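Residue-level listing of the chains:
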Amino acid sequence: MTSGAPVVSNRIVTVSNALTGLRLLLVPVVLGVLLIGDEPGTNRRLIALAVFIAAAVTDRLDGALARSRGEITRFGVVADPIADKVLIIAVFAALAQLGELSWWVVGVVCTREVVATAVRFAVVRRGVIAAAASGKAKTVVQIVTASVLLVPGSLVTTLMGEAAGATFVTALVAVMLILTIASGAEVVIRAWRVGRSR
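A brief structural summary. (Residues numbered from 1 in each chain as written. Predicted model: local features only at pLDDT ≥ 70, side-chain atom pairs only at ≥ 80, totals over all residues. Heavy atoms only, no water.)

### A word on helix α5 (residues 133-150)
Line of reasoning, step 1. Between its terminal C-alpha atoms α5 stretches 26 Å, which fits the 26 Å expected from 18 residues at 1.5 Å a residue.
Line of reasoning, step 2. Buried within α5 we find S134, G135, K138, T139, V141, Q142, T145, A146, S147, V148, L149 and L150. (Helix = DSSP H or I, 4+ residues; strand = E, 2+ residues; numbered from the N terminus. Expected span 1.5 Å × (residues − 1). Buried < 20%, exposed > 50% of the residue type's maximum accessible area, 1.4 Å probe, protein only.)

### Some words on the environment of R23
Line of reasoning, step 1. Mapping R23 onto the fold places it in helix α1 (residues 15-35).
Line of reasoning, step 2. Overall, R23 belongs to the buried group, its relative accessible area being 0%.
Line of reasoning, step 3. R23 sits 35 residues away from T58 along the chain, and the two C-alpha atoms are 6.5 Å apart.
Line of reasoning, step 4. A polar side-chain atom of R23 sits 2.9 Å from a polar atom in the side chain of D84. (Polar contact = N/O pair within 3.5 Å; in protein donor to acceptor, adjacent residues only side chain to side chain.)

### Some thoughts on the pattern of salt bridges
Two side chains of opposite charge can pair, provided their charged atoms sit close to one another.
Line of reasoning, step 1. A full pass over the atoms with the stated rule returns five salt bridges.
Line of reasoning, step 2. Residues E100 and R45 are paired through a salt bridge, measuring 2.7 Å at the closest nitrogen-oxygen approach. Separated by 55 residues along the polypeptide, E100 in the loop between α3 (74-97) and α4 (103-122) and R45 in helix α2 (residues 42-68) bring together distant segments of the chain.
Line of reasoning, step 3. Its salt-bridge partner being E113, residue R112 comes within 2.9 Å of it at the nearest N-O pair. The same class applies to R112 as to E113, namely buried.
Line of reasoning, step 4. Linked through salt bridges whose partners overlap, the residues forming this network are K85, R112, E113 and K138. (Salt bridge = Lys/Arg side-chain N within 4 Å of Asp/Glu carboxyl O.)

Written as structure tokens, this is what we have:
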């Protein structure tokens with residue numbers, strides 16, 4: 001380990017890991033609010049949106065806390081990105097179930113995450129593929145896209161008009177898909193280079 005490199009411990013009970021666990025626990029809450037019972041109205045959608053945003057905020061907090069408190073753990077290194085992926089894919093799947101997002105879009109997101117994760121694990125003994133700017137941008141845009149789709153349609157129509165709102169959502173989903181595919185391709189290319197160089 002080089003000087004100045006973060007120390008990775010085997011601890012499990014830390015504040016940052018607790019936030020990661022909370023994010024996972026909030027996933028079924030969002031799904032329950034959206035999918036249990038009749039089609040969700042304005043109040044339920046706003047509750048789902050609030051819970052989703054709270055879960056997404058924990059993603060920003062747990063990494064920052066782990067670094068600032070010297071609590072980077074092996075559990076957190078593995079569980080944190082998994083929790084992120086589960087949250088996003090679950091919400092997109094719920095929206096698809098409600099008929100507000102195409103299932104093929106969910107399939108693209110899910111395939112990207114599975115492939116990227118598998119590739120990272122495949123070359124982990126030869127080198128770690130650190131998160132790239134494209135991957136971070138992808139995550140941010142996915143969170144924004146999910147948040148916008150969770151907003152009650154009546155509010156979108158009131159703020160933007162039906163046609164403008166539909167165009168905005170379509171463009172946002174398109175940008176999200178481009179970033180999802182591009183960032184996934186970058187992970188594969190970087191993994192290939194790591195494997196080739198070692």
